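Inside the fold
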Amino acid sequence: MSKPHRGRALWKMPSRGRGTCPVCSAARIKLLYTKNKTDGGQIQVCKRCAKASSDRIDAVN
Ligand SMILES: [Zn+2]
C-alpha cells in the first residue's frame, strides 16, 4: 500500500482530493477520510473530522 493521502495519489482523485467537508463545512480542504454512517452510507471528511463522533457524521445528509 502506498500513501493514499499524500502526494501524487491525490491528483488522481476528483478535484484533487479537495472539497468542502460535509461535517465542518471547511472549504477547499482535503477530504481524505472515509467515514461510515450508521445508515450504511459513506462520506469523505477532512482530517479534523476524521475523529469526529458518529453523531456528527450522521447529522450529514
Ligand atoms: Zn471537516
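Residues numbered from 1 in each chain as written. Predicted model: local features only at pLDDT ≥ 70, side-chain atom pairs only at ≥ 80, totals over all residues. Heavy atoms only, no water.

Let's talk about the pattern of salt bridges
Evaluated as defined, the whole model comprises 1 salt bridge. Lys 37 is paired through a salt bridge with Asp 39; the nearest N and O atoms lie 3.9 Å apart. Residue class for Asp 39 comes out exposed when judged on its relative accessible area of 59%. (Salt bridge = Lys/Arg side-chain N within 4 Å of Asp/Glu carboxyl O. Buried < 20%, exposed > 50% of the residue type's maximum accessible area, 1.4 Å probe, protein only.)

A closer look at the sheet that holds strand E1 (residues 18-19)
One open sheet accounts for 3 strands, arranged E1-E2-E3; its pairing is antiparallel. Edge positions in the sheet fall to E1 and strand E3 (42-46), since each has one partner strand and no second. Direction of pairing for E1 relative to strand E2 (residues 29-36): antiparallel, over a ladder of 2 bridges. In the strand pairing of E2, Gly 19 is matched with Ile 29. (Pairing = 2+ DSSP bridges. Helix = DSSP H or I, 4+ residues; strand = E, 2+ residues; numbered from the N terminus.)

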